[in-house]
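# Observations on chain architecture
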Amino acid sequence: MSFDLGNSKMSDTAAIEAENLTKIYRDSIRAVDGISFSVKQGEIFGLLGPNGAGKTTTIKMMITLTRLTSGKLHILGVDVSEHPQEVREMLGYVPQSISVDVDLTAYENLLIFAKLSYVNKKERNERIRNALEYMDLSERANDLVKRYSGGMMRRLEIAQALVNRPKILLLDEPSIGLDPSSRKQVWKSIKQLNQEFGTTILITTHDMSEADELCDRIAIMSEGKIAILGTPMDLKRDVGGDIITANLGSPCSVVSFPKEVGQIINNNEKSIQILTTNGEEAIPLIADFFRSHGIKVESISINKANLDDVFMKYAKRRLGNNVYKNIRSTRRDFTRHSR
Amino acid sequence: MNVTRFIKSSITVAEMEARKIRHDSAELWTRAIQPALWLLIFGETFNAIRAMPTGNFSYMQFITPGILAQSVLFISIFYGITVVWERDVGIITKLLSTPSPRSSIVLGKSLAASLRGVFQALMIFALALLLGVKIRFDLPDILGVFAVVVLFAMCFSSLSMLLASYMKTRDRMMGIGQALTMPLFFASNAIYPISIMPIWLQYVSIANPLSYVVDAIRSMLLEGTYQNLPVDILALLVFTTIFVTLASRTIKKLLE
Ligand SMILES: Nc1ncnc2c1ncn2[C@@H]1O[C@H](COP(=O)(O)OP(=O)(O)OP(=O)(O)O)[C@@H](O)[C@H]1O
Ligand SMILES: [Mg+2]
């Protein structure tokens, strides 16, 4: 019994626990402004937000590259200010800008890093080889990194973070500058790491499809604060559901649908826009509805709610605060024009 | 702190430098040009005109240890520039994000500087042989010289890193380096004996660490005497420890 208690206590500990976390740079910029959030073990957590929102600063406080000004930050229960070295031992970090040593080979970069992370000598070469294979760099392992392309450096960067098999991986815009297939490869390895080793992953990105694809939960930061936090599903629901546009053979005079189908938000006779919570399920119902009213449907298109909308709504910048105030109408206009 | 881990990390950081040198050793050779010119032009000239009261030794013999110390001083005092450059390309970020203690990173970097110092010493020994300068090539003497060179480079490169944490840019470090090397070099016994200096400068040179380093190297390479050696080495050790400790606390400032 006591065994179980101990275990459950361990797995209950949050991977990352931030409480009123604040960073004020010397020139009194409040880069991170009293944020609180908690990342569960085994979770893939996305940190989104416009340029200058404070994402990188938040990550730097975790990896102890910059001191926090106030608040609390625990990594697997360990206080970053009190035990920085222990904290770094549990973390892997891919910085936003390239930081591999271009005057060394890829293999050497991994070797040095493995040594500095105290990877067991017996496992070292195996791990390096795996990391290189994982990131598809085996063939060029003994080339100087300065002869690599930007994307290859990026992949090496990720390989480096994998060598010490961290419990928590901090990825600051890892897929920046990657071609679509490398990007997919990186996504695959992130998921694989998460599933096979239970690695907790905190990722920042400006690519909403990436966040949607990978993250269990997302926090959108804006001006140093967390504007909203939730699962991608929750967030999308927050900006409303999917919009379905039906083009009809004859004008329709119906003013409303049964509630469970959706709500008409725009009706210009032959083209009707319907707001639904789940577009795919609503399409057959809508088709049936018109058929039962004797109206021919010529085509149906769907405009799914996506994280871009969520981002636009919450990620305000100092300039143009009101630009995206009425996100629904923006999206409606977009739908109209794109017809 | 775990001592074996500490040592391992320091050596790894130095290994990083060694591997870079292996890939591209051009810099090592270009670094040898300046001391070579000092020996060839300055040394040979003053050797010929016999203007310096250098006792039982020829001027070339006198100046060789001085130029050796000078070239190691240059390398280590400007080592902060290398570190600032490494900060700019993200390498310092990467190093500081590893679990290795920061002091081991700084110590490793100073070991890296001393590696370059050792190459410099080798180069000057080769040059001295080539020019037929009579210096003692006994094993204990040579080992002693290398020990002093290593400690000297560690001491001043860690001082340089300490300064770099505050200066933060290459330009400023360049300025600081030049402002330091000139008085250190000319107010020392590297290229002329202390006895010919004006009195006030003699006092300066007594407080000048470079004088002690030159003295130690000179006594080994020319006279084969060691009585000052323990004190010199101790002094270097103490200062190295102080600078490494301070620099490992401040190095994070480089990232801000
Ligand atoms: N070293 C620094 N000194 C002073 N201010 C800084 C420093 N680093 C970042 N800032 C400021 O802190 C704020 C947050 O920056 P941060 O890099 O965390 O943003 P970010 O969310 O990562 O942005 P991006 O998407 O552009 O990477 C910005 O206003 C920035 O100017
Ligand atoms: Mg950033």
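Residues numbered from 1 in each chain as written. Chains lettered and ligands numbered in written order. Predicted model: local features only at pLDDT ≥ 70, side-chain atom pairs only at ≥ 80, totals over all residues. Heavy atoms only, no water.

All right, on to the site of ligand 1 then. In the vicinity of ligand 1 there are 16 residues, among which A:Gly52, A:Lys55, A:Thr56, A:Thr57 and A:His206 approach most closely. Neighbouring residues of ligand 1 are not confined to one chain but are distributed across chains A and B. In this structure, A:Gly52 approaches ligand 1 through a main-chain N or O atom, which is 2.8 Å from an oxygen atom. A:Gln96 is positioned such that a nitrogen or oxygen atom in its side chain is 2.9 Å from an oxygen atom of ligand 1. Computed on the free molecule, ligand 1 has an accessible area of 640 Å², of which 70% lies beneath the protein chains in the complex. (Near = heavy atom within 4 Å. Polar contact = N/O pair within 3.5 Å; in protein donor to acceptor, adjacent residues only side chain to side chain. Areas by Shrake-Rupley, 256 points an atom, 1.4 Å probe, with all protein chains shown as cover.)

Protein ligation of the magnesium ion (ligand 2) involves A:Thr56 (OG1) and A:Gln96 (OE1), the donor distances falling in the range 1.8 to 2.1 Å. With A:Thr56 in helix α2 (residues 55-62) and A:Gln96 in the loop between β6 (91-94) and α4 (106-116), this pair connects stretches of sequence that are 40 residues apart. (Donors = N, O, S within 2.8 Å, 3.2 Å for Na, K, Ca; no water. Helix = DSSP H or I, 4+ residues; strand = E, 2+ residues; numbered from the N terminus.)

With that settled, consider helix α11 (residues 209-223) of chain B. Residue and element names in this part refer to chain B. Spanning 15 residues, α11 covers 21 Å between terminal C-alpha atoms, matching the ideal 21 Å at 1.5 Å per step. By the burial criterion, the buried members of α11 are Leu210, Ser211, Val213, Val214, Ala216, Ile217, Arg218, Ser219, Met220, Leu221 and Leu222. Of the surrounding elements, those touching the buried residues of α11 are α4 (59-77), α7 (102-131), α8 (139-167), α9 (170-186), α10 (199-206) and α12 (229-250). N-cap assignment for α11: the residue whose side-chain oxygen lies 2.9 Å from the backbone N of leucine 210 is asparagine 208. (Expected span 1.5 Å × (residues − 1). Buried < 20%, exposed > 50% of the residue type's maximum accessible area, 1.4 Å probe, protein only. Contact = heavy atoms within 4.5 Å.)

With that settled, the discussion passes to the pattern of salt bridges. Taken as a whole and judged by the stated rule, the model has 32 salt bridges over all chains. A:Lys146 serves as the salt-bridge partner of A:Asp103, at 3.2 Å between the closest nitrogen and oxygen. With A:Asp103 in the loop between β6 and α4 and A:Lys146 in the loop between α5 (121-134) and α6 (150-163), this pair connects stretches of sequence that are 43 residues apart. Judged by relative accessible area, which is 43%, A:Lys146 ranks as partly exposed. Its salt-bridge partner being B:Lys94, residue A:Glu157 comes within 2.5 Å of it at the nearest N-O pair. One end of the pair, A:Glu157, is in helix α6; the other, B:Lys94, is in helix α6 (residues 91-96), on a second chain. By relative accessible area, A:Glu157 is classed as buried at 0%. One network of salt bridges, in which partners are shared, links A:Glu108, A:Lys115, B:Glu15, B:Arg19 and B:Arg22. (Salt bridge = Lys/Arg side-chain N within 4 Å of Asp/Glu carboxyl O.)

Taken residue by residue, the interface counts 29 residues in chain B and 29 residues in chain A. Of the roughly 2800 Å² buried between chain B and chain A, counting both surfaces, carbon and sulfur atoms make up 56%. Counting the contacts that link chain B with chain A gives 7 salt bridges. Inspection of the region where chain B meets chain A yields 15 residue pairs in polar contact (both at pLDDT 80 or more). Broken down by secondary-structure element, the contributors of at least two residues to the side of chain B that touches chain A are α1 (3-23) and α6 of chain B. The element contributing the most residues to the side of chain B that touches chain A is α1(B), with 11 residues. (Buried area = accessible area lost by both parts, 1.4 Å probe.)

Another aspect to go through is the confidence of the model for chain A. Here chain A averages 86 in pLDDT, while 89% of its residues score no lower than 70. Scored below 50 in pLDDT, residues 1-9 of chain A makes 0 contacts in the model with residues more than four places away or belonging to other chains. (pLDDT = per-residue confidence, 0-100.)

The next point concerns the environment of A:Asp101. Residue and element names in this part refer to chain A. Inspection of the secondary structure puts aspartate 101 in the loop between β6 and α4. When the C-alpha atoms of aspartate 101 and aspartate 242 are compared, they prove to be 47 Å apart, with 141 residues separating the residues in sequence. Here aspartate 103 takes part through its backbone nitrogen, which lies 3.1 Å from a polar atom of the side chain of aspartate 101.

With that out of the way, let us pick up the nonpolar core. By size, the foremost hydrophobic cluster in this structure holds 112 residues, and its most contacted members are A:Ile16, A:Phe37, A:Leu73, A:Ile75, A:Leu170, A:Leu202 and B:Ile217. With 15 residues, α8(B) is the single largest residue contributor to this core. Of all hydrophobic cores here, the second largest spans 48 residues; its members include A:Ile44, A:Leu137, A:Ile220 and A:Tyr314. (Core = buried A, V, L, I, M, F, W, Y, C linked by side-chain atoms within 4.5 Å.)

Moving on, we come to the packing of helix α5 (residues 79-88) of chain B against α9(B). Any two packed helices are characterised by the angle at which their axes cross and by the distance between the axes. Residue and element names in this part refer to chain B. Two numbers describe how α5 lies on α9: the axes approach to 9 Å, and their chain directions differ by 175°. Here α5 lies roughly antiparallel to α9, going by the angle between them. For the pair formed by α5 and α9, the contact residues are Gly80, Ile81, Val84, Trp85 and Asp88 on the first element and Arg170, Met173 and Met174 on the second. (Axes fitted to C-alpha atoms, helices over the stretch in contact; angles between N-to-C directions. Parallel < 35°, antiparallel > 145°, perpendicular 65-115°, else oblique.)

Here we come to the sheet that holds strand β12 (residues 263-268) of chain A. Residue and element names in this part refer to chain A. Read from one edge to the other, the open sheet built from 4 strands follows the order β12-β13-β11-β14, with strand pairing classed as antiparallel. Both outer strands of the open sheet, β12 and β14 (297-303), are each paired with one neighbouring strand and no more. Neighbour-to-neighbour, the strand axes of this sheet turn through a mean angle of 20°, independent of strand direction. Relative to strand β13 (residues 271-276), strand β11 (residues 242-248) is paired through 6 bridges, and the arrangement is antiparallel. (Pairing = 2+ DSSP bridges.)

Before going further, it helps to examine a nonpolar patch on the surface. On the surface, B:Leu234, B:Val238, B:Phe239, B:Ile242 and B:Leu246 cluster together into a nonpolar patch covering about 440 Å² of accessible area. Note that B:Ile242 resides in helix α12. (Patch = residues over 30% accessible without salt bridge, like charges linked within 9 Å, V, L, I, M, F, W, Y side chains within 5 Å.)

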